[in-house]
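Here's the letter readout for the chains.
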Amino acid sequence: MISNKAKKEINSWVEKYPEGRQSSAVMEALKIVQSENGNSLTTELIQEVADYLDMPGIAAQEVATFYENYNHSPMAKNVIRVCHNISCMLNGSDELITHLESKTGVKTGEVTQDGNICVKKVECLGACVGAPMLQIDDKYYEHLTLEKVDAIIDGLKEGK
Amino acid sequence: MNEVCFKNIDKKEPWSLSTYEASGGYSVWRKILKGELSPENIIDELKASGLRGRGGAGFPTGLKWSFMPRNSDIQKYVVCNSDEGEPGTCKDRDILRFNPHSVIEGMAIGGYVMKASVGYNYIRGEFMEPFYRFEAALKEAYKTGLLGKNISGSSVSFDLYTHLGAGAYICGEETALIESLEGKKGQPRFKPPFPANVGLYGKPTTVNNTESFASVPEILAKGGKWFHDLGVKNSGGCKLFSVTGHVKRPANFEVPMGIPFKDLLDMAGGIRDGRKLKAVIPGGSSTPVLTADEALAMNMDYDSIENAGSMLGAGSVIVMDDSTCMVKTLTRLAHFYYDESCGQCTPCREGTGWLYRILKRIMDGDGKSGDLDLLNNVGSNILGNTICALGDAAAMPVESFLRNFSEEFEYYIENGKSMVKDNV
Ligand SMILES: Cc1cc2nc3c(=O)[nH]c(=O)nc-3n(C[C@H](O)[C@H](O)[C@H](O)COP(=O)(O)O)c2cc1C
Ligand code: FES
């Protein structure tokens, strides 16, 4: 079920588009619903979003599977997105990723047993002057060193 | 340095309306609202300025704006492309964070010139800090009566909204971006028709890069000629260059077009750890790689970089020192394009996969003697055979890496390991 709070938030996006073009808000609507649902989407939720925006379910499904930022299986509470593209690679992102794997005890893409952390390798996040860098939620962490990464992970383990 | 988009970068709260206005911000927009500046006048100034699109293709902005059917009464749109996803590029993020009002004013001016009363700024989904900054600036602009309907009692109306992406490099391509704005998969459209005729919601639309819009107010405040003369022939003005990779002080530098690459490298502190320059990608990962000698002889303008064998692109200068394994670097880039191909055109969808798999097999020590020919062959079958330029963007690095660093690829195939001893 889409909560009333989520509906209100979705409406604030719908208002930005011309009348009858509410499906322009589908990308945000899916994000809002996903974050209410423990960071992942289900077919039913996607259909609900589609119904709410008066668009075909398949169209919302297409969007939900085309874009990177939607999850379709249970996701960790904290997703650590490490850039491994060129500028970050030249500045040691591979080493960082190996370190993160050994620190969390799981490979990239997998979720730790307590459901707390998942490390993902992602493409350029547009912060290459701060390489190597990573993203957690809305926040970028730049000019990383192994020590800085340790501090970040320890913070997440303590529940921030 | 720092004369246009980064003009206020060292000031206190450079993103605030008060800082922006204190340095002359919104003076052009206020003139327009008073009816003192005609659209024709603005287009002439922009043409004289030599401003070329900062999103990568370098199309003259004044000319692009003149293509819009401004005299027809149907709804039109201006769209800002803040999807910044080209590996090595990170300038638009800083414009949005540190000078959001220049983008708002630039878009509003564009709306006035092209008679588009509505604008959207498409910001990539990961750029949340820039998004909040931009939203805060929008709020300030509305509150001060700089945006809206019949602004300050004039006949000018302009409403501006943000739209967030959700993680897809292809949405930086302008027609994919339009599809995405409509709430669809980001798959590029066939051109023609061009967006200036059939764009967002089927209406005439102009898409410009963040830096392009952000440059407009200052150009009009100081005059097209002023901007033009900062740069060199065919490359007017100044431009933001993101210098990254193996340099001591990676950063965005706003410098006059045409400065020697050597000087830009010095500004970034030079190559770190006393190493030697090996290669440079001058315009973002989609542009051909150059050798150290080629790079050191070039200047940072469209023509000079083209003569050196590459492209200025988005001004994203990726610097590699002699510890760089070119096989590994190209493999990483190939993986990126394979990952980001939208899957619509067969040559791109299949070709990027082939490129990546062949390179991966070389990296795994299973390279075969014909692999380099095969790579070139796959690349040339993608080039020019796709709806959008992502295919070309995937193919061009391959051709240039193999041409300039062939011995490294041959060595890897023969020995199953990198020729670069201490490679990163
Ligand atoms: C695959 C691909 C990705 C692109 N990504 C971007 C981007 O992130 N930002 C951008 O401004 N232009 C990008 N472009 C270029 C746009 O299609 C378009 O030319 C540009 O936004 C026009 O603005 P300008 O004339 O001000 O440069 C991309 C093009 C392609 C083919
Ligand atoms: S390459 Fe890592 S942020 Fe751009």
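Heads up: the structure comes first, above all this text.
Residues numbered from 1 in each chain as written. Chains lettered and ligands numbered in written order. Predicted model: local features only at pLDDT ≥ 70, side-chain atom pairs only at ≥ 80, totals over all residues. Heavy atoms only, no water.

### Observations concerning the overall build of chain B
Secondary structure summary: chain B contains 18 helices and nine strands in total. For chain B, whose C-alpha radius of gyration is 22 Å, the value lies close to the compact-globule estimate of 22 Å for 424 residues. Along the first, second and third principal axes, the C-alpha set of chain B runs to 75 × 45 × 35 Å. The proportion of buried residues among the 424 residues of chain B is 62%. Restricting to contacts in chain B with at least 6 residues of sequence separation, those with at least 24 account for 69%. Here chain B displays about 15,300 Å² of accessible surface, and carbon together with sulfur accounts for 50% of that area. In chain B, 47 positive and 52 negative side-chain charges are present, and the distance between their average locations comes to 4 Å. (Helix = DSSP H or I, 4+ residues; strand = E, 2+ residues; numbered from the N terminus. Rg over C-alpha atoms; globule rule 2.2 N^0.38 Å. Buried < 20%, exposed > 50% of the residue type's maximum accessible area, 1.4 Å probe, protein only. Contact = heavy atoms within 4.5 Å. Areas by Shrake-Rupley, 256 points an atom, 1.4 Å probe, with all protein chains shown as cover. Lys, Arg positive; Asp, Glu negative; His and termini not counted. Charge placed at Lys NZ, Arg CZ, Asp CG, Glu CD.)

### Comments concerning the sheet that holds strand 5 (residues 238–245) of chain B
All names here are of chain B. In space, the five strands of this open sheet follow the order 6-5-9-7-8, with mixed pairing throughout. Of all strands in the sheet, those bounded by a partner on one side alone are strand 6 (251–256) and strand 8 (290–291). Relative to strand 8, strand 7 (residues 277–281) is paired through two bridges, and the arrangement is antiparallel. Paired with Ala279 across the bridge in strand 8 is Thr291. (Pairing = 2+ DSSP bridges.)

### A closer look at the site of ligand 1
Residues and elements named next belong to chain B. Near ligand 1, the surroundings consist of 18 residues, among which Gly55, Lys64, Asn208, Asn209 and Ser212 are the closest. At a separation of 2.7 Å, an oxygen atom of ligand 1 approaches a polar backbone atom of Gly55. Compared with its free state, where it exposes 620 Å², ligand 1 has 88% of that area covered by protein. In terms of residue count, the dominant contributor to the shell around ligand 1 is strand 4 (residues 205–209) (three residues). The residue inventory of the shell around ligand 1, partitioned by class, reads four nonpolar, eight polar and six charged. (Near = heavy atom within 4 Å. Polar contact = N/O pair within 3.5 Å; in protein donor to acceptor, adjacent residues only side chain to side chain. Nonpolar A, V, L, I, M, F, W, Y, C, P; charged D, E, K, R; others polar.)

### Focus: the interface of chain B and chain A
By a widely used convention, the size of an interface equals the accessible area lost when the partners come together. Opposite the 62 residues of chain B that make contact, chain A presents 39 residues. Between chain B and chain A, the buried area comes to about 3,900 Å², and carbon and sulfur atoms account for 55% of it. Along the contact surface separating chain B from chain A lie six salt bridges. A salt bridge links Glu126 of chain B to Arg81 of chain A, with the shortest nitrogen-to-oxygen separation between them at 3.7 Å. Here chain B is connected to chain A by 24 residue pairs in polar contact (both at pLDDT 80 or more). Of all the secondary structure elements, the ones that give two or more residues to the side of chain B that touches chain A are strand 2 (118–123), helix 7 (128–143), strand 3 (159–164), helix 8 (174–181), strand 5, strand 6, strand 9 (316–321) and helix 14 (326–340) of chain B. Of the residues forming the side of chain B that touches chain A, the biggest block, eight residues, is contributed by helix 14 of chain B. Per-class residue counts for the side of chain B that touches chain A are 28 nonpolar, 19 polar and 15 charged. (Buried area = accessible area lost by both parts, 1.4 Å probe. Salt bridge = Lys/Arg side-chain N within 4 Å of Asp/Glu carboxyl O.)

### A short note on unusual backbone geometry
In this structure, Pro132 of chain A follows Ala131 of chain A across a cis peptide bond, with omega equal to -10 degrees. Position of Pro132 of chain A among the secondary structure elements: in the loop between strand 2 (117–122) and strand 3 (134–136). For Asn39 of chain A, which is not a glycine, the phi torsion comes out positive at approximately 75 degrees. By the element assignment, Asn39 of chain A lies in the loop between helix 2 (26–36) and helix 3 (43–52). Classification of Asn39 of chain A by relative accessible area gives partly exposed; the value is 22%. Positive phi, normally seen in glycine, also occurs at Asn234 of chain B, with a value near 70 degrees. Topologically, Asn234 of chain B is positioned in the loop between helix 10 (224–230) and strand 5.

### Focus on the packing of helix 2 of chain A against helix 4 (residues 57–66) of chain A
Residue and element names in this part refer to chain A. Where helix 2 contacts helix 4, the axes come no closer than 10 Å and their chain directions differ by 70 degrees. On the basis of the axis angle, helix 2 is roughly perpendicular to helix 4. Contact residues: Val26, Met27 and Leu30 in helix 2; Ala60, Val63 and Ala64 in helix 4. A per-class count over the contact of helix 2 with helix 4 returns six nonpolar, no polar and no charged. (Axes fitted to C-alpha atoms, helices over the stretch in contact; angles between N-to-C directions. Parallel < 35°, antiparallel > 145°, perpendicular 65-115°, else oblique.)

### Section: the nonpolar core
In terms of nonpolar packing, the biggest core is built from 113 residues, with Trp29 and Ile109 of chain B touching the most fellow members. Among the elements that take part in this core, helix 6 (residues 100–113) of chain B stands out by supplying seven residues, more than any other. Of the residues that make up this core, three or more belong to each of domain 1 (4–66) and domain 2 (78–157) of chain A. Setting aside its immediate chain neighbours within four residues, Ile109 of chain B contacts Val28, Trp29, Ile32, Ile42, Trp65, Val216, Pro217 and Leu220 of chain B. With 32 residues, the next largest nonpolar core counts Val289, Val378, Leu402 and Phe409 of chain B among its residues. (Core = buried A, V, L, I, M, F, W, Y, C linked by side-chain atoms within 4.5 Å. Domains from an automatic or database assignment.)

### A short note on the packing of aromatic side chains
All chains considered together, the criterion is met by 16 aromatic pairs over all chains. Between Tyr20 of chain B and Tyr26 of chain B the ring centres are 5.1 Å apart and the planes differ by 85 degrees, which places this aromatic pair in the edge-to-face class. Just as Tyr20 of chain B is buried, Tyr26 of chain B falls in that class too. One aromatic cluster in this structure is built from Tyr17 of chain A together with Tyr77, Tyr120, Tyr161 and Tyr201 of chain B. Over the ring of Trp13 of chain A we find Lys16 of chain A, and its NZ or CZ is 3.6 Å from the ring centre. (Phe/Tyr/Trp six-rings, centres within 6.5 Å; stacked < 30°, edge-to-face > 60°. Lys NZ or Arg CZ within 6 Å of the ring centre and 35° of its normal.)

### Some points on the side chain of Glu182 of chain B
Along the polypeptide, Glu182 of chain B turns up in the loop between helix 8 and strand 4. You can call Glu182 of chain B buried: its relative accessible area is 9%. When residues no more than four places from it in sequence are discounted, the contact partners of Glu182 of chain B are Ser23 and Ser24 of chain A together with Arg189, Gly199, Leu200, Tyr201 and Gly202 of chain B.

### What to know about helix 7 of chain B
Here helix 7 of chain B spans 22 Å end to end across 16 residues, near enough to the 22 Å set by a 1.5 Å rise per residue. Those residues of helix 7 of chain B that fall on the buried side of the exposure criterion are Met128, Pro130, Phe131, Arg133, Phe134, Ala137, Leu138 and Ala141 of chain B. Buried residues along helix 7 of chain B sit against helix 1 (4–14) of chain A together with helix 5 (92–98), helix 6, strand 2 and strand 3 of chain B. One or two residues past the end of helix 7 of chain B sits Gly145 of chain B, with phi positive at roughly 80 degrees. (Expected span 1.5 Å × (residues − 1).)

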